[in-house]
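Observations on the three-dimensional arrangement
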Amino acid sequence: HPFWFDEAFSVWIAQLPFPALISRLALDTTPPLYYLLLKAWLSLSREIWSIRLLSALFGILSVPVAAAVFRKLASPRVAAFATLLVVLSPLLIYFSTETRMYELLVLETLLAIWLFLRYIKTRKTPNLIALSIIQIFSLLTHYYAFFWVVTMNLVWLLRRKTDRLSSPAWMWGQLVSLIIFLPW
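Residues numbered from 1 in each chain as written. Predicted model: local features only at pLDDT ≥ 70, side-chain atom pairs only at ≥ 80, totals over all residues. Heavy atoms only, no water.

Now for the packing of helix 3 (residues 33-42) against helix 4 (residues 48-73). At their nearest, the axes of helix 3 and helix 4 sit 10 Å apart, and the two run at 130 degrees to each other. The orientation of helix 3 relative to helix 4 falls into the category oblique. Relative to helix 4, the crossing made by helix 3 is right-handed. Taken together, the residues of helix 4 that come into contact with helix 3 (itself represented by Y34, L37, L38, W41 and L42) are S50, I51, L53, L54, S55, L57 and F58. Here the contact of helix 3 with helix 4 is composed, by residue class, of 10 nonpolar, 2 polar and no charged. (Axes fitted to C-alpha atoms, helices over the stretch in contact; angles between N-to-C directions. Helix = DSSP H or I, 4+ residues; strand = E, 2+ residues; numbered from the N terminus. Parallel < 35°, antiparallel > 145°, perpendicular 65-115°, else oblique. Left-handed = near helix turned anticlockwise from the far one by under 90°. Contact = heavy atoms within 4.5 Å. Nonpolar A, V, L, I, M, F, W, Y, C, P; charged D, E, K, R; others polar.)

Below, the structure written as structure tokens:
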């Protein structure tokens, strides 16, 4: 089926020259990362199915990441069932078929949860750095990322003393994310 308005808008924005793309998005309601990825993706093909394939790839990549998150949080049986629910979710299937940033945001959120759980368990700086990078990408994908960023910070605040989490390292990661995001 042909693009609907929001998909057509995504493709139109992504086709703009880089300076025009950035200045146009500064006036819009969405940060630039998805559009920049879509711009690069458009260099491969301009067929509708191919353009939509980008979101489908994000959806496909979300499944093993969701499975990894669920394995950290639950028994293997519960994790398998939860992963099946992700695979069969009508909303996630729909997001995987449209040229919008939502499935990328799902993937980034799942990666952030997985990295956060690893950081809490290992307290290793590379996990925190990777989490900060994913947080920046997510904030530059969609403003709804703020919901998981705030939630993760609240969980970190509640667990930092009992899990002996590094306050300076965490705060630096949050500060860098905020500074990079500020223009948007």
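Having seen it, we continue.
Moving on, we get to unusual backbone geometry. It is generally the case that most residues other than glycine have a negative phi and that most peptide bonds are trans. Of note in this structure, R123 is not a glycine but carries a positive phi near 55 degrees. Tracing the backbone shows R123 in the loop between helix 7 (102-122) and helix 8 (125-139). On the accessibility criterion, R123 (43% relative accessible area) is partly exposed. (Buried < 20%, exposed > 50% of the residue type's maximum accessible area, 1.4 Å probe, protein only.)

Right, let's talk about the side chain of H142 for a bit. By secondary structure assignment, the location of H142 is in the loop between helix 8 and helix 9 (145-159). At 3.0 Å, the side chain of H142 and the backbone nitrogen of Y144 are in polar contact. What H142 contacts, discounting residues up to four positions off in sequence, is P31, M101, Y102 and L105. (Polar contact = N/O pair within 3.5 Å; in protein donor to acceptor, adjacent residues only side chain to side chain.)

Before going further, it helps to spend a moment on the packing of aromatic side chains. Tallied over the entire structure, the rule returns 10 aromatic pairs. Each ring, one from Y119 and one from W170, has its centre 6.3 Å from the other, and the planes form 25 degrees; the classification is stacked. One end of the pair, Y119, is in helix 7; the other, W170, is in helix 10 (residues 167-181), and 51 residues separate them in sequence. You'll find Y119 and W170 in the same group, each marked buried. Each residue in the set F116, Y119, W156 and W170 is aromatic and connected to the rest through ring pairs, giving one cluster. (Phe/Tyr/Trp six-rings, centres within 6.5 Å; stacked < 30°, edge-to-face > 60°.)

Next up on the list: the nonpolar core. Membership of the largest hydrophobic core comes to 24 residues, with the highest contact counts inside it found for I13, Y34, Y35 and L38. Broken down by secondary-structure element, the contributors of at least two residues to this core are helix 1 (5-15), helix 2 (18-27), helix 3, helix 4 and helix 7. If we skip the residues at most four places from it in the chain, Y34 touches S10, L54, S55, F58, T99, R100, M101, L104 and L140. (Core = buried A, V, L, I, M, F, W, Y, C linked by side-chain atoms within 4.5 Å.)

Function cannot be inferred from these measures alone, as they are strictly geometric.
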